[in-house]
Amino acid sequence: MGTEIRRLIVVLISAVAFVTGAISPTVAASGETVDFEGSGWGHGVGMSQWGAQALALQGWNYGQILTHYFRGTSLQTLSAGETIWVNLEEKFTALTLTALSVGASPAPVQVTNGSQDVNAHANAVIKLSTQAASGCTVEITNPGSGVQSLTSNPCSIDFTWYAWETNAQPTTKIQIEGCTLTDWNTSPSTQRPCQYARGQLHLRRGTSGLYLSAEMRIDDYVLGISEVPRTWHVEAQKAQSVAARSYAMARARARGNPSASDYNGCWCHVRDTTADQRYAGWGHTVSQTFLDSVSGTARRVLTHPDSTVTGNVIATYYSSSSGGRTEYGHIKGFSHVPVEWLTSVDDSHAVDGSVPNPNRSWVKSVKPDTVAQSLGFDSVTSVRVISRRPGSGSAAEVRIWGILNDEPVSAVKTSAFIRGTYGLKSDYFSVNYTAPLSSQLHQPGDEMLFYKTNGTFRYYSVHPNGALGAVIEGGSGYTSGWKSVSAVDLNGDAHDEILFYREDGLYRFYEIGADGQVGAPIRSGEDYTSGWDSVSAVDLNGDGRDEMLFYRGDGLYRYYDIRTDARIGSPIRSGSDYTTGWSSVSAVDLDGDGRDEMFFYRDDGLYRFYDIRSNGRLGRPIVSGDDYTSGWDAISAVDLDGDRQDEMFFYRDDGTYRFYNVRSDGSLGGPIRSGSGFNTDWAVITAVDLDGE
């Protein structure tokens, strides 16, 4: 095909393959970063905290809020005396504590190993360390006194400073040195020391070191929870208090007595981090509405008759907000089977702008090189969400296409991998990334257009080894019913335009951008004659501007000049002396001189290559025979490597394909690539020069 361009040929077929399978109606964006556009923050299961605030502001009470998010539940009151163990520090070999005053008359901290007691007074320094294989040692240094030690093997040492199981108020607190927690109820947020006044402390030994846990009454635990702003509506804070209490009690009852073992790997029912709930202890900002939310819901928890936990208490999961609808718990792995209280419910109020949710929408931009490195690819060419979860619509799986050792590769990753690897805030995201065309092409060569008669289309880069690269552009916005979709260089600028043709004579010419997007219409009408089986572009004279060949199966043909405005010019040649029955008539540049030769092929394997003169007359036969394998449904010329000499593409409806080198004498050279992995539902495949390289 043409010297100045990489020639394009249309393959008209009833069903053609596409190696990557599923079609998405969205159109990919391209750019210098992979942009994940999302909404919400957290896992999206159970209660949405911002949604609770929005509903409270609309007049809902905490019971209505909770039963909206946790369907089929009811509120129950726990008996007095329910306690919980909270892990504060784990897997350490040494730790320093300080006893500090809360009130005017601080009580001493009684440190006991069961047989000995030592009192640590205000400002005492308490050092914890491992001892022997399973033991521990506590050294207490009171102001003005020497060191007193307690040893326990196996390790079991407790710290008590008030009657914590009653309504008594603490006058002493314990501070963990070198530890801080963020108090984000101040503006700006403040780092505060880790301090604990409620309950008592337990020091235990596990396989990985020492563990320090606090045991306290359940409502004292809720007073230390730091999950939502203290300035929120009291009904939202009440909903949060019940959710925190219910979650903790469900965990406590399901996990058993931690004083007997290091069950859960922490000598605890719950950890003080967001692995369970964020427990901040003592000294963080409080408000009267927060205190009222705890006292106003004292000992209240959510239950469901189907819960297998003692007392039917449920684990009330929650997160900052969903992307508009919460998740099914069993789909996200929060329950083994579907449960009514963790169903998917409306959460649009969390993201509709009625509350100042900072994560109503967000964008996380990641460098393509970062994505490539995380997968072991040389480069990334396309990233798309390929499946979403029912109910919530959150992303479930993402496919990433790329290049490795000059071969196209792809990987399917879960949204959990994507979120964790690239730092996304939630699974509620979209991504439609396609690398700029210049980064996808390793060297000049054709791109490929796949088209279905329902209007679905895809543009792909194609590699010198015949493998399809990533999607350049795609969607379902092309009009339907076209029999022929052809690339034609109207003006010799080495950049193709696109011709759509229908059997009734309707046609349209469009500009096509380097990104595969159709531009302005150049010309359309119904004045092309009808009934042609093949419409192809062919450069008869090597000037870089195409002429058009119309061919019918009964041997009728016409060559036309075509002007830059897509008007058909003078007829160059017409007749009915082409032999009949050819299933494929293609223009192929065999020798790279810029002038096309013609290739005729029949289903039984018969073929002929001809020289063709600038007046459309067939010249000498170059080669002919019947030794091409039979049954190919489509044969196309495509310049894979940008050397202006075409290679040949053979395709069958069953998905079998082969790329071959073809010599200047028309004989096939070495096979470039073959396989059977193409699908069978495309109507047109055409090689097209999008970028004019």
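It should be noted that the structure appears before, not after, this text.
Notes on the structure in this doc start here. In this text, all values refer to a predicted model and were calculated from it rather than measured experimentally.

1. So, the overall build of the protein
Phase 1: Broken down by element type, the protein carries 8 helices and 46 strands.
Phase 2: Its C-alpha atoms give the protein a radius of gyration of 37 Å, more than 25% over the compact-globule value 26 Å for 693 residues.
Phase 3: With respect to the three principal axes, the spread of C-alpha positions in the protein is 115 × 55 × 45 Å.
Phase 4: Every one of the 693 residues in the protein was classed for burial, and the buried ones make up 54%.
Phase 5: In the protein, the share of contacts with a sequence separation of at least 24, taken over all contacts with a separation of at least 6, comes to 62%.
Phase 6: As presented, the protein carries roughly 26600 Å² of accessible surface, and 45% of it is formed by carbon and sulfur atoms.
Phase 7: Side-chain charges of the protein comprise 56 positive and 79 negative groups, with the mean position of each set lying 8 Å from the other.

2. A short note on the packing of aromatic side chains
Aromatic ring pairs are described here by two measures, namely the spacing of the ring centres and the angle between the planes.
Phase 1: On inspection of all chains with the given rule, the structure shows 25 aromatic pairs.
Phase 2: Here Tyr196 and Tyr279 contribute two aromatic rings whose centre-to-centre distance is 6.2 Å and whose plane-to-plane angle is 15°, an arrangement assigned as stacked. Taken together, the residues span a long stretch of sequence, with Tyr196 in strand S15 (residues 190-196) and Tyr279 in the loop between strand S18 (270-271) and helix H5 (288-295) at a distance of 83 residues. Of the two residues, Tyr196 and Tyr279, neither departs from the other in class, the shared state being buried.
Phase 3: On the numbers, 6.3 Å between centres and 75° between planes, the contact of Tyr507 with Phe509 is edge-to-face.

3. Section: the packing of helix H2 (residues 62-69) against helix H4 (residues 234-255)
Phase 1: Packing of H2 against H4 brings their axes to within 8 Å, and their N-to-C directions diverge by 55°. Between H2 and H4, the angle is such that the two are oblique. Taken as a pair, H2 and H4 cross one another with a handedness that is right-handed. In this structure, H2 contributes Tyr62, Ile65 and Leu66 to the contact, and H4 contributes Glu235, Lys238, Ala239 and Val242.

4. As for the state of the cysteines
Phase 1: Under the definition given, this model contains 3 disulfides.
Phase 2: Each sulfur of the disulfide joining Cys136 and Cys155 lies 2.0 Å from the other. Negative torsions about the S-S bond denote left-handed disulfides, and the value of about 85° found for Cys136 with Cys155 makes this one right-handed. In this pair, Cys136 is assigned in strand S11 (residues 135-141) and Cys155 in the loop between strand S12 (147-152) and strand S13 (156-160), connecting sequence segments 19 residues apart. Considered together, Cys136 and Cys155 belong to a single accessibility category, that of buried residues.
Phase 3: Between Cys266 and Cys268 runs a disulfide, and the two sulfur atoms are separated by 1.7 Å. Linking Cys266 and Cys268, the disulfide has an S-S dihedral of approximately -70° and is accordingly described as left-handed. This pair shows no difference in class: Cys266 is buried, exactly as Cys268 is.
Phase 4: Each bonded cysteine of the protein gets a number by its place in the sequence, and the pairs then read 1-2, 3-4, 5-6.

5. Side note on the pattern of salt bridges
Phase 1: If you walk through the whole model with that rule in mind, you get 16 salt bridges.
Phase 2: Note that Arg192 and Asp183 form a salt bridge whose closest N and O atoms lie 2.6 Å from each other.
Phase 3: When the shortest N-O distance is used, the salt bridge between Lys332 and Asp427 registers 3.3 Å. A residue pair is termed long-range when its members are at least 10 positions apart, and Lys332 in the loop between strand S20 (318-319) and strand S21 (362-366) and Asp427 in the loop between helix H7 (415-422) and strand S25 (429-430) qualify at 95 residues.
Phase 4: On the basis of relative accessible area, Asp427 is assigned to the buried category, the value being 3%.
Phase 5: One salt-bridge network, held together by shared partners, links Glu327, Lys332, Arg389 and Asp427.

6. Regarding the pairing of strand S23 (residues 395-404)
Phase 1: Along S23, 7 of the 10 residues are buried, which leaves the element largely enclosed by surrounding structure.
Phase 2: Where strand S22 (residues 379-388) lies against S23, 8 bridges are found, and the strand directions are antiparallel. Following the sheet pairing, Val380 is matched in S23 by Gly402.
Phase 3: Connecting the antiparallel pair S22 and S23 is a turn made up of 6 residues, with Gly391 showing a positive phi of about 85°.

7. Some details on the pairing of strand S3 (residues 34-38)
Phase 1: Across the two faces of S3 the burial differs, with Val34, Phe36 and Gly38 buried and Asp35 and Glu37 not buried at all.
Phase 2: As paired elements, S3 and S21 share 5 bridges and run antiparallel to each other. The residue bridging Val34 from the neighbouring strand is Val366, located in S21.
Phase 3: One ladder, built from 2 bridges, connects S3 with S25; its direction is antiparallel.

8. Focus on H7
Phase 1: What H7 keeps buried is the set Ser415, Ile418 and Tyr422. An end-on view of H7 places all buried positions within 65° of arc, on one side of the element. The outward face of H7, more than 90 degrees from its buried face, is lined by the exposed residues Ala416 and Gly420.
Phase 2: On its buried side, H7 packs onto S3, S21, helix H6 (368-375), S23, strand S24 (407-414) and S25.
Phase 3: Phi turns positive one or two residues past the end of H7, at Gly423, with a value near 75°.

9. Focus on H6
Phase 1: Among all positions of H6, only Pro368, Val371, Ala372 and Leu375 are buried. Down the axis, H6 shows its buried residues gathered within 100° of arc, on one side only. Facing away from the buried side of H6 by over 90 degrees, the exposed positions are Asp369 and Gln373.
Phase 2: Count one or two residues on from H6 and you reach Gly376, which has phi positive near 80°.

Procedures and definitions
Residues numbered from 1 in each chain as written. Predicted model: local features only at pLDDT ≥ 70, side-chain atom pairs only at ≥ 80, totals over all residues. Heavy atoms only, no water. Helix = DSSP H or I, 4+ residues; strand = E, 2+ residues; numbered from the N terminus. Rg over C-alpha atoms; globule rule 2.2 N^0.38 Å. Buried < 20%, exposed > 50% of the residue type's maximum accessible area, 1.4 Å probe, protein only. Contact = heavy atoms within 4.5 Å. Areas by Shrake-Rupley, 256 points an atom, 1.4 Å probe, with all protein chains shown as cover. Lys, Arg positive; Asp, Glu negative; His and termini not counted. Charge placed at Lys NZ, Arg CZ, Asp CG, Glu CD. Phe/Tyr/Trp six-rings, centres within 6.5 Å; stacked < 30°, edge-to-face > 60°. Axes fitted to C-alpha atoms, helices over the stretch in contact; angles between N-to-C directions. Parallel < 35°, antiparallel > 145°, perpendicular 65-115°, else oblique. Left-handed = near helix turned anticlockwise from the far one by under 90°. Disulfide = S-S within 2.5 Å. Salt bridge = Lys/Arg side-chain N within 4 Å of Asp/Glu carboxyl O. Pairing = 2+ DSSP bridges. Arc of directions from axis to C-beta.

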